[in-house]
Amino acid sequence: MNTKLSKTNDISGAATELGYIFTFLLGVMLLSVFSIWTWDIETATRDRWNEQAVEMNLDDIADAIERADEASRLGDIEYSESVWWRATEADENLFTLQLADNYLILVDEGGSLDTQVYLSGAGAGNHTGTVNLSGSQMVWICHKDGVTSIELDRPQ
């Protein structure tokens with residue numbers, strides 16, 4: 001018995017393998033694009049949440065300052081109020097609050113959350129105070145001796 005092996009030019013297997021490779025690469029590309037897209041959405045959501053939390057914190061503090069100013073117009077009195085600082089994902093060690101006569105200013109030394117809130121300045125005294133929010137959960141608004149100030153320590 002004489003069996004002779006012959007060579008054939010069958011390329012259908014190679015075409016199938018190339019199809020598998022291109023399908024795999026297309027899947028990798030689509031998953032990569034999806035991962036980048038979801039990361040961008042998550043980052044934008046976190047940034048928006050931080051901005052809103054900081055804005056709400058500043059609004060609460062500004063409202064307390066306005067109440068202290070209103071109390072100052074009643075005469076020679078002392079007034080104090082505490083305001084809780086909502087947590088953010090920003091590095092609050094780099095946050096500084098400054099109280100000027102017509103503005104409450106947040107300085108973010110490490111990011112883009114610098115902002116300010118307008119105050120009426122309609123109190124019977126001046127505004128003053130600068131506090132670093134490093135680790136603080138509460139800000140105190142005090143009016144004493146004709147001066148409205150922001151502090152981190154509870155007034156005595």
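Small disclaimer: the values here were computed from a predicted structure and weren't measured.

### Some details on the pairing of strand β8 (residues 147-151)
Step number 1: In this sheet, β8 lies alongside strand β5 (residues 126-128) in parallel orientation, the contact comprising 3 bridges. In the strand pairing of β8, asparagine 126 is matched with valine 147.
Step number 2: Pairing analysis gives 5 bridges linking strand β7 (residues 138-144) to β8, with the strands arranged antiparallel. For lysine 144, the partnering residue across the bridge sits in β8 and is valine 147.
Step number 3: Adjacent in sequence and paired antiparallel, β7 and β8 are bridged by 2 residues, among which aspartate 145 carries a positive phi angle near 55°.

### A look at the nonpolar core
Step number 1: Ranked by size, the top nonpolar core spans 23 residues in total, and within it Ile61, Leu97, Leu104, Ile141 and Ile150 carry the most contacts.
Step number 2: Elements with a contribution of two residues or more to this core: α1 (12-72), β2 (95-99), β3 (103-108) and β7.
Step number 3: Per-element accounting of this core gives the leading share, 7 residues, to α1.
Step number 4: Excluding anything up to four places from it in sequence, isoleucine 150 contacts Ile65, Leu97, Gln98, Leu99, Leu104, Thr128, Gly129, Thr130, Val131, Val139, Trp140 and Ile141.

### Quick word on the side chain of aspartate 108
Step number 1: Here aspartate 108 shows up in strand β3.
Step number 2: Of the side chains bearing the opposite charge, arginine 46 lies closest to the buried aspartate 108, which forms no salt bridge; the N-O distance is 12 Å.
Step number 3: Here the side chain of aspartate 108 touches leucine 113 through a polar contact of 3.3 Å, landing on its backbone nitrogen.
Step number 4: Those residues within four positions of aspartate 108 in sequence are excluded, and the remaining contacts are Leu94, Phe95, Leu113 and Asp114.

### Quick look at the side chain of serine 72
Step number 1: Inspection of the secondary structure assignment puts serine 72 in helix α1.
Step number 2: A polar atom in the side chain of serine 72 sits 2.6 Å from the backbone oxygen of aspartate 69.
Step number 3: Once residues lying within four places of it in the same chain are set aside, the contact partners of serine 72 are Gly123, Ala124, Gly125 and His143.

### Concerning the sheet that holds β8
Step number 1: As summarised here, the arrangement of the 4 strands in space is β1-β7-β8-β5, forming an open sheet in which the pairing is mixed. Single-partner strands in this sheet number two, and they are β1 (79-84) and β5. Neighbour-to-neighbour, the strand axes of the sheet open up by a mean angle of 15°, direction not taken into account.
Step number 2: On the sheet, α1 packs against β1, β5, β7 and β8 and is oriented at approximately 170° with respect to β1.

### Re the sheet that holds strand β4 (residues 115-118)
Step number 1: Taken in spatial order, the 4 strands line up as β4-β3-β2-β6 in an open sheet, and their pairing is antiparallel. A strand with exactly one partner marks an edge of an open sheet, and here the two such strands are β4 and β6 (130-132). Here the average twist between neighbouring strands, direction ignored, is 15°.
Step number 2: Two strands pair when backbone bridges link them, and β2 and β6 are joined in this way by 3 bridges, in the antiparallel orientation. Counted as the bridge partner of threonine 96 is asparagine 132 from β6.
Step number 3: Its contacts with the sheet put α1 on β2, β3 and β4, and the angle it makes with β3 is roughly 150°.

Reading the values: the criteria
Residues numbered from 1 in each chain as written. Predicted model: local features only at pLDDT ≥ 70, side-chain atom pairs only at ≥ 80, totals over all residues. Heavy atoms only, no water. Pairing = 2+ DSSP bridges. Helix = DSSP H or I, 4+ residues; strand = E, 2+ residues; numbered from the N terminus. Core = buried A, V, L, I, M, F, W, Y, C linked by side-chain atoms within 4.5 Å. Buried < 20%, exposed > 50% of the residue type's maximum accessible area, 1.4 Å probe, protein only. Contact = heavy atoms within 4.5 Å. Lys, Arg positive; Asp, Glu negative; His and termini not counted. Salt bridge = Lys/Arg side-chain N within 4 Å of Asp/Glu carboxyl O. Polar contact = N/O pair within 3.5 Å; in protein donor to acceptor, adjacent residues only side chain to side chain. Axes fitted to C-alpha atoms, helices over the stretch in contact; angles between N-to-C directions.

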